[in-house]
Amino acid sequence: MPTTYAIPNGRTVMDATLYTGSTTAQNIINADNGTTGFYPDLVWAKSRGTTNYNLLEDTVRGAGYALYSNATNAEAGPNYFISSFNSNAGGVVRLADMVQSKMRFYKQGSRSGSCALYLSVWHRDIIDFLELTLPIGDEQMRTRDLFTAVVINDLFMDKLTNNEDWYLFCPNDIQKAGLKPLHEMWGDEFVETYNKAVELGLGYKMNPKTIWDAIIKAQVESGRPYVFFKDNANKRNMQRNIGVIKQSNLCIEITNVSKPGYTSQCTLGSINLAMHDTLKSIAKSTRVMVRALNAVIDKNKWSDDWSALAGLDQRSLAIGVAGLADFFAKKKISFESEEAKQWNKDIFETMYKAAVIESMEMAKEQNRTYPAWDGSPYSQGETYIPGWSPLPAGEPIPMLNSLLLGLMPTASSAILLGVFESFEPVTSNLFTRRVGQGEFLIVNKYLVNELIENGLWNSEMVDKVIKNKGSIQNIVEIPEDVRYRYKDVWEIPQRVLLDLSIIRNKYVDQSQSLNVYHSDAKYGKIAS
């Protein structure tokens, strides 16, 4: 039984022990074509000391990276050049190939480095980008070791829904026309500039369903790309005084503002819900985690000056959870129940409010706020929960951190804690875990306890669970209410998981690394 109430991110734990590098866990980088941008840093070893080289080198210590490639020129002919080289662009595919090679070189123990590459649906190279992870095709056009993510604007969804034309652009064309870069905008400003670019004849016309079909095809065949809805992220941007959210991170739960010369950082930790029984206890652990992660920021060894600038300016935290399935199992709650919805709401509302209060108290104790506080929603008396404040209405809220909650996957943390991952249901009631010492058969301990209570746990029952590949839905000897509560993630309607996500999203000021599970992934299911 785990005895840890909360745990920092695995990267923080490792480097706090070795102290060999940055103890922040997530880095968001902008890739452009200038002399301080991404191409030179990747290509030339002599660029050691620049942001991208240091961050990519730092992957050996366990950091996750996200690269935003919308400023990268398209591979579309001689007019698309890299300014610093005065030569033609290779496009996003060649950039992806370079990044993949870099990640393979810099190991994180026995595995390659981890990176997610983001591209918007308006970019001229979007179709080639969406094919990067397909299992078949020209190997020169594939980068299957990278995580890909597509950035979608509301305008694209409107065009798709209304069956209207969509236009693709090269960033270099937009720049030469004197327009503001499309990736720097969202909402009405994006729509206005997009339409202006169309009027100027800069776009390449395409049916938006062609792009949508390419997204679905890639997800069915490879499980990628991630999908990031940019306008939705910016509507509730708690860093809007700093800039526009352009992308997310490696696991799509971080929504920090990042820009050239300002490489956003985030420090992560998770609350072990398996060790909590009350909201009061969860609130206490959340407040402890806020203090712990701020200590990490204060003592951190930053990768470079750009990372230090953004990391200290924002002081972003992402507190998530591990063991929501354990929490429900101990209370004998099904993910499909109304009780689960209520606990789901209460847990994350409690965590956000506790985090705000602790960050505020620390700001008061230390007589300082995070440097980018002026002009922020907190400086105007606003929190992420409309109408709620720990202070009288309208009074500025001193805060030591700009962001507080972000629900990460917690894969390695959950193993350390001996609980199920993040906020997800169990993937199976019986599975094999492979480690260096061999293979171990793991059975859902909560199910075992209930079967013991009912006098049903014996070698015959073990054989039946194994025969059913971890499912108990067809084992009629098990009481119906137990079978209902111990459905695995493949047996729970995915709409249930989406509804729970929507409920807690009201209290998560960053985002959620949400998976949707389909045992028979088909176009109709994914597209719905």
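Before reading further, recall that the structure is shown in the block above.
Residues numbered from 1 in each chain as written. Predicted model: local features only at pLDDT ≥ 70, side-chain atom pairs only at ≥ 80, totals over all residues. Heavy atoms only, no water.

Engineer: Could you give an account of the overall build of the protein, with specific residues and numbers?
Structural biologist: In terms of regular secondary structure, the protein is built from 20 helices and 16 strands. The buried share of the protein, reckoned over its 528 residues, is 55%. Considering only contacts in the protein between residues 6 or more positions apart, those separated by 24 or more positions represent 73%. (Helix = DSSP H or I, 4+ residues; strand = E, 2+ residues; numbered from the N terminus. Buried < 20%, exposed > 50% of the residue type's maximum accessible area, 1.4 Å probe, protein only. Contact = heavy atoms within 4.5 Å.)

Engineer: So what about helix α14 (residues 338–366)? Which residues, and what values?
Structural biologist: Side chains three or four residues apart in an α-helix point the same way, a direct result of the helix having 3.6 residues per turn. Given a rise of 1.5 Å per residue, 29 residues ought to cover 42 Å, and the 42 Å separating the end C-alpha atoms of α14 matches this to within 8%. Following α14 by one or two positions, Asn367 has its phi on the positive side, about 55 degrees. (Expected span 1.5 Å × (residues − 1).)

Engineer: Account for the pattern of salt bridges, naming residues and giving values.
Structural biologist: As enumerated under the stated definition, the model contains 27 salt bridges in all. For Lys464, the salt bridge identified is with Glu477, shortest N-O distance 2.0 Å. Placement of Lys464 in helix α17 (residues 459–467) and of Glu477 in the loop between α17 and α18 (480–485) is noted, with a sequence separation of 13 residues between them. One salt-bridge network, in which partners are shared between bridges, spans Arg287, Arg291, Glu358 and Glu365. (Salt bridge = Lys/Arg side-chain N within 4 Å of Asp/Glu carboxyl O.)

Engineer: I'd like a description of the packing of aromatic side chains, backed by residues and values.
Structural biologist: Per the counting criterion, the structure on display carries twelve aromatic pairs. Centre to centre, the rings of Tyr118 and Phe228 are 6.3 Å apart; their planes meet at 90 degrees, and the pair counts as edge-to-face. Of this pair, Tyr118 sits in strand β8 (residues 114–120) while Phe228 sits in strand β12 (residues 226–229), and the two are 110 residues apart along the sequence. Exposure class is identical for Tyr118 and Phe228. Each is buried. Each ring, one from Phe156 and one from Trp166, has its centre 5.2 Å from the other, and the planes form 80 degrees; the classification is edge-to-face. Residue Phe156 is located in helix α6 (residues 154–161), and its partner Trp166 is located in strand β10 (residues 166–168); the two are separated by ten residues in the primary sequence. (Phe/Tyr/Trp six-rings, centres within 6.5 Å; stacked < 30°, edge-to-face > 60°.)

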